[in-house]
Amino acid sequence: MSPTPTTVPAGDSEAVRFDDHGIEPIPAAARDSTPWQQFWIWAGANIAPINWVLGALGVTLGLSVLETITVIALGNLVGCAVFGLFNLMGHRTGVNQMVLGRAAFGRRGAIVPGVVQGLLTMGWVGVNTWVVLDLVLAILAQMGVHGGLGLKYLVAGLIMAVQLVLALYGFYAIRTFEKYTVPATVLLMAVMTVLAVSQTGTDWTTATALTPGSKFTAVTQLLTAIGIGWGISWLPYSADYSRFIRVGTPGRSVFWSTALGMYVPTVWLAALGAYLAGAGGPDDPSSLVTGLFGVMAVPVLLLIMHGPVATNILNLYSCSLAALSVGIRIARWKLTLIAGVVASVVLAVFVQADSFAQAFDHWMVSILVWISPWASIVLVDFFVLRRGRVHLPSLYDDGASPYGPVNRSALVALGAGLVAAWSWQFGMVPATQGPIARALNGTDFSWLSGSLVAGGLYYLLSRRAARRASGGEVRTGAEEVRATAGGGEPVR
């Protein structure tokens, strides 16, 4: 169990205090975050070099600049809208995302996705730090500071130390860091965008994917990497932060602040990356950035180093919550420290990678295969079957759980969704190339096939189970919770 949560003194909502909350519901007195603060949290997590590098991926795959930007803009409308819905779960309940998953999977059944999420977040810390290392070294070289692998590890260690301290301190430090640093990075990014457009011209319409089949394949792969798939990759984190939003805040404010906090920087930076790639820029991340922005060495260096910190403090914090949700009983800050050590090992492995594109592709296909079916099950359970109402004691007590310790329907649906997602994914490794993807010219609809199969099967299995439990009468989700969990007032 975590220490008793600290209440917030009147007029002290901006204080940067130590976050001693665990995975228990956040008391109303401690929920003092605003939609605007949530916007900065998610904007900060996505104003990162990786997004403009991924924007260039569309041109690399054979699409024109205009086609790339269109796919990214439309795809993120879907991915970020789903992300906004997931944030409503945390706001309505005050509970973090992995614990909310217990409503669908059962108290112990949720250990499976909880473990995966914990590993995922540690991996992301290594990936996000690794992406910027060559960028930082290239900028330092322009400033007269040279070094090899030793300097790379030194920079990585400094970045890791800063983000670990913030994550150890918890949500309130994260909120304050993002609130005061992200507006400055937005301004700097705006200046860089103006420089990019004024100093280079781009070819908006030329594409190397000339046949309809090759163009369609490129579109599906781009949607997975930085279109719909990007918003999906953040779903397991969402409620970890929206659970702190003030009680009584309108749901539409929560939705729009979080969805736009994800959408605006992602599309903006990816569009910039596509523009630079269309101008004939190099594919390598460090060359792509320093070739154009070397004249702004110091501010660009600050922006680049801010990116992984703003992103990874969310990864480290959510990792500790995922570990608590699977039953590890030590203090959250200790779990965060352990996560930082493991993430450093992951980073060391990625530093040795020969190809940025290949290593990152392997990473993205591995995470979307499980996130999309898991997210679909949680979404169907919360909004369709339960109609947005959860009986909170059932999330923490095996005996009070509507489905018992394990909901087999959810695990069966998750397994089927994993198979469906793998069948239609197309990674660089042969093992990640499913039969449907290979048969359809390398298309990648893993996120769609996994979510449709998992969500649809879970809905059917759950309705059938509800009919059996009620003697043929179909109950709504809220009615089922009250009937099987021993009553109590559900949380809207």
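To be clear, the structure that these remarks concern was listed above.
Only a predicted model underlies this, so the values are computations on that prediction, with no experimental measurement involved. (Residues numbered from 1 in each chain as written. Predicted model: local features only at pLDDT ≥ 70, side-chain atom pairs only at ≥ 80, totals over all residues. Heavy atoms only, no water.)

(A) Layout of the environment of K152. Note that K152 resides in helix α7 (residues 149–169). What makes K152 buried here is its relative accessible area of 15%. For K152 and W130, which are 22 residues apart along the polypeptide, the C-alpha to C-alpha distance reads 9.4 Å. (Helix = DSSP H or I, 4+ residues; strand = E, 2+ residues; numbered from the N terminus. Buried < 20%, exposed > 50% of the residue type's maximum accessible area, 1.4 Å probe, protein only.)

(B) The environment of V131, seen in detail. If you trace the backbone, V131 turns up in helix α6 (residues 111–142). The exposure class assigned to V131 is buried, which follows from its relative accessible area of 6%. Taking C-alpha positions, V131 is 9.4 Å from V53, a pair spaced 78 residues apart along the chain.

(C) Looking closely at the nonpolar core. One finds W42, F105, W234, W374 and I377 to be the most contacted residues of the largest nonpolar core, which totals 125 residues. No other element matches the 15 residues that helix α14 (residues 297–325) contributes to this core. Excluding residues within four positions of it along the chain, I377 makes contact with A104, F105, A410, A413, L414, A454 and Y458. (Core = buried A, V, L, I, M, F, W, Y, C linked by side-chain atoms within 4.5 Å. Contact = heavy atoms within 4.5 Å.)

(D) Spatial organisation of the environment of L272. In this structure, L272 sits in helix α12 (residues 251–278). Between the C-alpha atom of L272 and that of G55, which follows or precedes it by 217 residues, the distance is 7.1 Å. Those residues within four positions of L272 in sequence are excluded, and the remaining contacts are M189, T193 and A196.

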